[in-house]
Amino acid sequence: MTSEIGYNLLLINCFFLHRNIGGYLIISSDYCFVVEDDTAVCGYALAAVDSKKFEEKLKIAWIPELRNKYPLPVDEKINSTQEEVEEESINEAQKLIRSFHNENFEFNKVPESINKTHPSIISISMLPHITDSSVSKRLLTCILAALKANGNLKRIEPVHLIN
């Protein structure tokens, strides 16, 4: 039982990294920054110039890769209108995997009202043990400078953050 829990936690972590970070690395790698401490990576900032185009590219290039990497078991094929497996009978890792096999899956859908005025998107995260707020501020400064240097940011306002 303990090894199954450990495996599920590992799977959830891998899935989280692939789902939330992998698409940026593949589609928008010019706008990906990481922070390391003495032991490992402890934070990141990721950006896409146009969240709407980024979402479209994810659907074409990244979501199919996730589906191939994390296939549904043969007895768990999902129909977009009816789920054959009861929610209570599956664990969190299976729920996460099943989520992007659904035809209606959307990555980080940005409302059109926000996208019109704030087309660029930034995702930034730091591990809790990084208590120096200047680290995340410098990381955000780097990502905004990269967007601006490439002519994609005229002023700070056209960016929205996701977490």
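Residues numbered from 1 in each chain as written. Predicted model: local features only at pLDDT ≥ 70, side-chain atom pairs only at ≥ 80, totals over all residues. Heavy atoms only, no water.

Looking at the overall build of the protein
1) Next: A count of helical and extended segments in the protein gives 5 helices and 4 strands.
2) Next: Listed N to C, the secondary structure of the protein is α-β-β-α-α-α-β-α-β in terms of helices and strands.
3) Next: A total of 163 residues make up the protein; the buried ones form 36% of that total.
4) Next: Within the protein, residue pairs in contact and separated by at least 24 positions form 72% of the contacts whose partners lie at least 6 positions apart.
5) Next: Carbon and sulfur atoms make up 55% of the accessible area of the protein, which totals about 10300 Å². (Helix = DSSP H or I, 4+ residues; strand = E, 2+ residues; numbered from the N terminus. Buried < 20%, exposed > 50% of the residue type's maximum accessible area, 1.4 Å probe, protein only. Contact = heavy atoms within 4.5 Å. Areas by Shrake-Rupley, 256 points an atom, 1.4 Å probe, with all protein chains shown as cover.)

A look at the environment of phenylalanine 54
1) Next: Locating phenylalanine 54 in the fold gives a position in helix H2 (residues 51-69).
2) Next: Residues phenylalanine 54 and serine 28, 26 residues apart in the sequence, show an inter-C-alpha distance of 8.0 Å.

Focus: the layout of surface pockets
Left-over empty space is what a probe sized like a water molecule reveals as it rolls over the atoms.
1) Next: Reported here for the largest pocket is a volume of approximately 290 Å³.
2) Next: For the largest pocket, the lining is made up of 13 residues, of which Leu17, Ile21, Val41, Gly43 and Tyr44 are closest to its centre.
3) Next: Looking at the lining of the largest pocket, the elements that each hand over two or more residues are helix H1 (2-27), strand E2 (41-48) and strand E3 (120-126).
4) Next: Sorting elements by how many residues they give to the lining of the largest pocket places E2 first, with 5 residues.
5) Next: When grouped by side-chain class, the residues that make up the lining of the largest pocket number 11 nonpolar, 2 polar and no charged. (1 Å grid on protein atoms, 1.4 Å probe; cavity = no way out; pocket = protein on both sides within 12 Å on 5 of 7 lines; lining within 4 Å. Points joined across faces, edges and corners; volume = space filled by probe spheres on them. Nonpolar A, V, L, I, M, F, W, Y, C, P; charged D, E, K, R; others polar.)

Considerations on the nonpolar core
1) Next: By size, the foremost hydrophobic cluster in this structure holds 18 residues, and its most contacted members are Tyr24, Leu46, Leu66, Tyr70 and Phe100.
2) Next: Listing elements by their share of this core, those giving two or more residues are H1, E2, H2 and helix H3 (92-101).
3) Next: Here this core takes 5 residues from H2, the largest share from any one element.
4) Next: Within the second largest apolar cluster, 13 residues are counted, among which are Cys42, Ala47, Ile122 and Ala146. (Core = buried A, V, L, I, M, F, W, Y, C linked by side-chain atoms within 4.5 Å.)

Remarks on H3
1) Next: Along H3, the positions that sit buried rather than exposed are Ala93, Ile97, Arg98, Phe100 and His101. Buried residues along H3 cover an arc of 170° about the axis, so they all sit on one side. (Arc of directions from axis to C-beta.)

Focus: the pattern of salt bridges
1) Next: Applying the stated criterion across every chain, the model contains 1 salt bridge.
2) Next: Residue lysine 52 is joined to glutamate 112 by a salt bridge in which the shortest nitrogen-to-oxygen separation is 3.3 Å. Taken as a pair, lysine 52 in helix H2 and glutamate 112 in helix H4 (residues 112-117) lie far apart in primary sequence, 60 residues in all. (Salt bridge = Lys/Arg side-chain N within 4 Å of Asp/Glu carboxyl O.)

Observations regarding the confidence of the model for the protein
1) Next: Looking at the protein as a whole, its pLDDT mean stands at 77, while 72% of the residues score no less than 70.
2) Next: Across the protein, the secondary-structure element scoring lowest on mean pLDDT is strand E4 (residues 159-162), at 54, and the one scoring highest is strand E1 (residues 32-36), at 92.
3) Next: Segment residues 78-85 is flagged for pLDDT under 50; beyond a separation of four residues in sequence, or across chains, it makes 11 contacts in the model. (pLDDT = per-residue confidence, 0-100.)

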